[in-house]
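Chain and residue survey
Letter by letter, the chains look like this.
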Amino acid sequence: MPHGPQLLRDYRRIEAAIRFLEAHADRQPPLRAVAEAVGLSDFHFQRLFRRWAGVSPKRFLQYLTVERAKEALREGRSVLAAAYESGLSGPGRLHDLFVTVEAVTPGEYKASGSGLTIGYGFRPSPFGECVIAATDRGVCALEFVEGGSRREAVDRLVRAWPAAVIREHEAMAASYGERIFGGEGGRPLTLVLRGTNFQLKVWEALLRIPRGAATTYGDLARATGRPGAARAVGSAVGRNPVAYLIPCHRVLRTTGAFGGYRWGTARKQAMLGWEAAQRGATVAAAG
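Residues numbered from 1 in each chain as written. Predicted model: local features only at pLDDT ≥ 70, side-chain atom pairs only at ≥ 80, totals over all residues. Heavy atoms only, no water.

Description of the overall build of the chain
Put simply, the test is: Put simply, DSSP H or I for four residues or longer makes a helix, DSSP E for two residues or longer makes a strand, and each gets a number counted from the N terminus. Only protein chains enter the accessibility calculation, which uses a 1.4 Å probe; a residue is then buried when its area is under 20% of its type maximum, exposed when over 50%, and partly exposed in between. We call two residues in contact whenever any of their non-hydrogen atoms come within 4.5 Å of each other. Using a 1.4 Å probe, the Shrake-Rupley method yields the accessible areas, and only the shown protein chains count as cover for residues.
When you go through the chain residue by residue, the secondary structure sums to 12 helices and 7 strands. Every one of the 287 residues in the chain was classed for burial, and the buried ones make up 51%. In the chain, once contacts between residues fewer than 6 apart in sequence are set aside, the share between residues at least 24 apart is 69%. Total accessible area computed for the chain in this model is approximately 13,400 Å², and 51% of it derives from carbon and sulfur atoms.

Set out below in structure tokens:
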């Protein structure tokens, strides 16, 4: 996978291509039209997609159909049903990383991070630039940088942990970025989360949804034992502090429509298509 500026350039073109396809879905534009829209030849556009997703643009778009979304929802529903029957406590597994959740104590929650030191840094990812923040116990935030505004990303971190000491720590962010996006499978990764009991249950339920699968707000509500709380679940999903690792992008509408996403619908589609492509490659290799 390319790194640094190349990775960010690749993602910007992928995002632009998805936006173009959204805007012209009724016309079903051919590959050449999409390539021209992002300033590339057919050949270079094909090569970009294969480098980024491992599949052709045509194959990638098949992962973004309503039919594929409904299939992902069916799988997610069965996963959540099994998780609910066995209880939602314990670690969830996400794309070859063992991710465990460590909630801050009630005292730490009330103290808004007093006594904690949080390091942060900015890293490229397959889905655009992100900021990664961590305490000495694990990752406490991962957000995508919207519109290139790093200052806004840091301000959000300060608002989430107003009493903590927050310092730039690029080496830490680089290490976590490689573990999260670089494919270092098997190394334990801890998330340090500050939220209400209900929010933690929702985030923990999301961790049970494997890549390539999806869920709905209603199914999440049932999995947390509050079947009538879909709206409250939506609020908890929107407050997810650790994008990608807690995969709120895997929440779809019951119809199979992608719905909104805090970090943009094009990014949500890019993440879902990329994960489906990665999963497909893994299944093919295993077979």
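Looking at the nonpolar core
To be explicit about the condition: What we call a nonpolar core is a set of buried Ala, Val, Leu, Ile, Met, Phe, Trp, Tyr and Cys residues that are connected through their side-chain atoms within 4.5 Å.
Membership of the largest hydrophobic core comes to 74 residues, with the highest contact counts inside it found for F45, W52, F127, I180 and L220. Apart from the residues within four sequence positions on either side, F127 is in contact with Y11, W52, F144, F181, Y244, R267, A270, M271 and W274. By size, the runner-up hydrophobic cluster in this structure holds 16 residues, among which are C140, V145, A153 and A164.

Examining helix 11 (residues 230-238)
Where we set the bar: Directions pointing from the helix axis toward each C-beta atom define the arc.
Considered for burial, the residues of helix 11 that qualify are V233, A236 and V237. One side of helix 11 holds all its buried residues, which, seen down the axis, span an arc of 100 degrees. On the buried face of helix 11, the contacting elements are helix 9 (197-207) and helix 10 (217-223).

Concerning the packing of helix 9 against helix 11
Rules: Working convention: axes come from line fits to C-alpha atoms, limited for helices to the stretch in contact. Angles between N-to-C directions cover 0 to 180 degrees. Roughly parallel refers to an angle under 35 degrees, roughly antiparallel to one over 145, roughly perpendicular to one between 65 and 115, and oblique to any angle outside these ranges. Under the scheme applied here, ten amino acids are nonpolar (Ala, Val, Leu, Ile, Met, Phe, Trp, Tyr, Cys and Pro), four are charged (Asp, Glu, Lys and Arg), and all others, including Gly, are polar.
At a minimum axis separation of 9 Å, helix 9 and helix 11 run at an interaxial angle of 75 degrees. Taken together, helix 9 and helix 11 sit at an angle that is classed as roughly perpendicular. Seen from helix 9, the contacting residues are F198, Q199, V202, W203 and L206; seen from helix 11, they are A232, V233, A236 and V237. Per-class residue counts for the contact of helix 9 with helix 11 are 8 nonpolar, 1 polar and no charged.

Quick word on the pattern of salt bridges
Applied cut-off: Each salt bridge in this description consists of a side-chain nitrogen of Lys or Arg and a carboxyl oxygen of Asp or Glu lying within 4 Å of one another.
In total, this model carries 13 salt bridges according to the counting rule given. R32 serves as the salt-bridge partner of D42, at 3.4 Å between the closest nitrogen and oxygen. Residue D42 is found in helix 3 (residues 42-53), and its partner R32 is found in helix 2 (residues 31-37); the two are separated by 10 residues along the sequence. We note a salt bridge from E143 to R156, for which the minimum N-O separation is 2.6 Å. One end of the pair, E143, is in strand 5 (residues 138-144); the other, R156, is in helix 7 (residues 150-160), and 13 residues separate them in sequence. Residue E143 shares its accessibility class with R156, and that shared class is buried. Within this structure, R77, D219 and R222 form a network of salt bridges that share partners.

Digging into the environment of A236
The residue A236 is located in helix 11 in this model. On a C-alpha basis, the gap between A236 and C248 in space is 9.7 Å, while along the polypeptide they are 12 residues apart. Apart from the residues within four sequence positions on either side, A236 is in contact with F198, Q199, V202 and W203.

Topic: the pairing of strand 4 (residues 130-135)
Formally: Strands are labelled as partners when DSSP assigns at least two bridges between them.
Summarising burial for strand 4: 6 of the 6 residues are buried, a large majority. Because side chains alternate across strand 4, one face comprises the buried residues C130, I132 and A134, and the other comprises V131, A133 and T135, equally buried. With 5 bridges connecting them, strand 3 (residues 117-123) and strand 4 associate as antiparallel partners. Bridge pairing in strand 4 links R123 to C130. Linkage of strand 3 to strand 4, two consecutive antiparallel strands, is achieved through a turn of 6 residues, within which G128 is found at a positive phi near 105 degrees. Sheet topology note: the strand 4/strand 5 ladder contains 6 bridges and is antiparallel.

Structural notes on the side chain of S112
Examined against the element boundaries, S112 turns out to sit in the loop between helix 6 (106-110) and strand 3. If sequence neighbours within four positions are ignored, S112 has contacts with W161, P162, A163, A164 and R194.

A closer look at the pairing of strand 5
Burial within strand 5 is extensive, with 7 of its 7 residues counted as buried. Connecting strand 4 to the antiparallel partner strand 5 that follows it, the hairpin turn spans 2 residues.

Examining the environment of P247
Mapped onto the elements, P247 comes out in the loop between helix 11 and helix 12 (265-286). Residues P247 and R208, spaced 39 residues apart in sequence, show a C-alpha to C-alpha distance of 9.3 Å.

Here we look at helix 9
In terms of burial, helix 9 is a largely internal element, 9 of the 11 residues being buried. Those residues of helix 9 not exposed but buried are F198, Q199, L200, V202, W203, E204, A205, L206 and L207.

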